[in-house]
Structures are given as structure tokens and as C-alpha cells.
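# Residue-level structural notes
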Amino acid sequence: AAALESGIREIWYDCGGKIDVNGQTFSCHEQNGHGTLSMKLAMAKSCNTYFIKLGLMLDRAKFRNMAADMSFGKSYQLADSIVSSAGTLPSQSELNNSAEVANFAFGQGKLTAAPLQVTLMTSCIINGGKLVYPRLVMGTTTDGKTVQENEAKAPMNVLSESAARTIKEYLDYDVMSTKNQYARPLTVSAGGKTATAQTGVFENGSEKLNTWFTGYFPAEQPKYAVTVLCENGTWGNTSAAPVFQKIADRVTELEEE
């Protein structure tokens, strides 16, 4: 999003499996490299080195501000006495370090997030660049029939409709056009993205992973945004994505009854 808003509409990059950042080597999960990738293909293949290269091209303040605008590092008052987790967002001074920017560019390092923040990011993209403030309580009722809605905050414009449309195109492609995508519903179109987050916690020599999928459906006119987090999972596509598929298919089935 930050790249698109900075005027970088496309960049091709040859992933060889690793990238050097001021003498420090960062590896891609595909050790032999993905080869030459466009932005859309890099997202579908989760290419670490592509996004490191892209992140290092950006103005760091604008890069961080985009993440902050999309809710990272922020907490929200969801209802009386219920406040969401803020997670952590690297400070501007921390991003003066190129290695920290490299980690930030593919969602690691000091960046942490809760499922709510990831869902807000996803809904922002499918709402044409507008961030909708989350709330748990729609309103109150005295007779069980008439609902007096609580006043909702106006959505915040975070990115242009053009940038949001481009990212949504990439997310649609990721679910509907890539091979072995276990998030693809059987009864409805969808878009979204997998993620596999390292925890730094090891058990019996193996690192515990938090695996994710965030997406929306139907792809043409999205009504629902869903984020699935599986603690101690295997991969986003094998642990979290199938849960999203079942949710999308079941919700669609219920709406058709």
C-alpha cells in the first residue's frame, strides 16, 4: 500500500533465495528462490526478499505511517470496559536501521499484531481504502424489537481507491487463481492472504509458529472479512486457510437457506 501510494505501481525482482542488507543476510522461505516476480506474484508466493527490496525503496516515515493508519500499534474501545490489544509497531527511530526495515517489510522483527488489527487492514482494502472503526455493541433495546444504535465513528480514509483496488486484485488472485490454495471456498469466491509467523519459542528443537489467514467473501462484492489465527500451526495455507474455507462456505450456505 505504501509503495502504491508512493507512485510505485510495479517492480520486478529476481528472488535468489536471500538478500543482503548492509552485510546482513535475510533468507526467503523458498531457499532456492522464486525467480523473477511481479508485485502480484510476490504476494501470492509470500516472497520475503521481494518485500524487503520494496520496503527499502520507500520513505520510512510514510511506510510506518501507513501501518499505523491501518491500525497497527493502536488499541480500540470496543465496548464499555473492553479495549483491544495494541500490539507493537516499530518506532520511527528503530526504522532508521535498515535491518529493522527489512524485518518490518515482511511482518517480522518488532512488529506484532492481534487478529482484530489484521481484520481491520483487510476490511480497509475491501472498503475502498476506508478504515471502519470496530465495535462490539450495535445499540440498545428496551422492547427487544427496536434498536437504538450507538453512534458510530466515521470511517477514516487511509489509502486511495486505486491502491485499494490494486491490492484487492492481488488478494483475489491469491485465493482464486493460485494452485493448492486451501482457502478457496467451494461455494463462493474469495480473496485473502496466508501468513506464517515465527515466535522465537522452541520445543523439542522445533520453533512454534503462529499461522494465519485473513480474507473476505464474496470477492466481487465483499460482505465479510475473516481472520483465522492458529497458534502452534504448521503453515498458514495448511492450518489456517482451511478454517476460512469452511467459514465462508457455511456462512454462504446459511444465507441461501
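Preceding this section is the structure that the text describes.
Figured I'd write up the structure that's included with this text.

### Comments concerning the overall build of the protein
Regarding its fold elements, the protein presents 8 helices and 13 strands. The C-alpha atoms of the protein give 19 Å as radius of gyration, which agrees with the globular expectation for 257 residues (18 Å, within 12%). Counting over 257 residues, the protein shows a buried share of 44%. Of the roughly 13800 Å² that the protein leaves accessible, carbon and sulfur atoms contribute 49%. Side-chain charges of the protein comprise 23 positive and 26 negative groups, with the mean position of each set lying 3 Å from the other.

### Here we look at the sheet that holds strand β13 (residues 224-231)
Taking strand neighbours across the sheet as the criterion, the 3 strands line up as β11-β12-β13 in an open arrangement whose pairing is antiparallel. In this open sheet, the two edge strands, each paired with only one partner strand, are β11 (191-203) and β13. Ignoring which end each strand starts from, the neighbouring axes of this sheet average 15° apart. In this sheet, strand β12 (residues 206-217) lies alongside β11 in antiparallel orientation, the contact comprising 10 bridges. Paired with G192 across the bridge in β12 is G215. Here helix α8 (residues 236-256) sits on the sheet in contact with β11, β12 and β13, set at roughly 30° to β12.

### Things to note about the packing of helix α4 (residues 60-69) against helix α5 (residues 98-105)
Across the interface, α4 lies against α5 with an axial gap of 12 Å and an inter-helix angle of 35°. Crossing handedness for the pair α4 and α5: left-handed. Across from R60, F63, R64 and A67 in α4, the residues of α5 making contact are S98, V101, F104 and A105. Class assignment of the residues belonging to the contact of α4 with α5 gives a composition of 5 nonpolar, 1 polar and 2 charged.

### A word on the pairing of β13
Looking at chain direction, β12 and β13 are connected through 8 bridges and run antiparallel. By the bridge assignment for β13, T211 is matched with C230. Hairpin connection between β12 and β13: a loop of 6 residues separates the two successive antiparallel strands.

Calculation rules
- Residues numbered from 1 in each chain as written.
- Predicted model: local features only at pLDDT ≥ 70, side-chain atom pairs only at ≥ 80, totals over all residues.
- Heavy atoms only, no water.
- Helix = DSSP H or I, 4+ residues; strand = E, 2+ residues; numbered from the N terminus.
- Rg over C-alpha atoms; globule rule 2.2 N^0.38 Å.
- Buried < 20%, exposed > 50% of the residue type's maximum accessible area, 1.4 Å probe, protein only.
- Areas by Shrake-Rupley, 256 points an atom, 1.4 Å probe, with all protein chains shown as cover.
- Lys, Arg positive; Asp, Glu negative; His and termini not counted.
- Charge placed at Lys NZ, Arg CZ, Asp CG, Glu CD.
- Pairing = 2+ DSSP bridges.
- Axes fitted to C-alpha atoms, helices over the stretch in contact; angles between N-to-C directions.
- Contact = heavy atoms within 4.5 Å.
- Left-handed = near helix turned anticlockwise from the far one by under 90°.
- Nonpolar A, V, L, I, M, F, W, Y, C, P; charged D, E, K, R; others polar.

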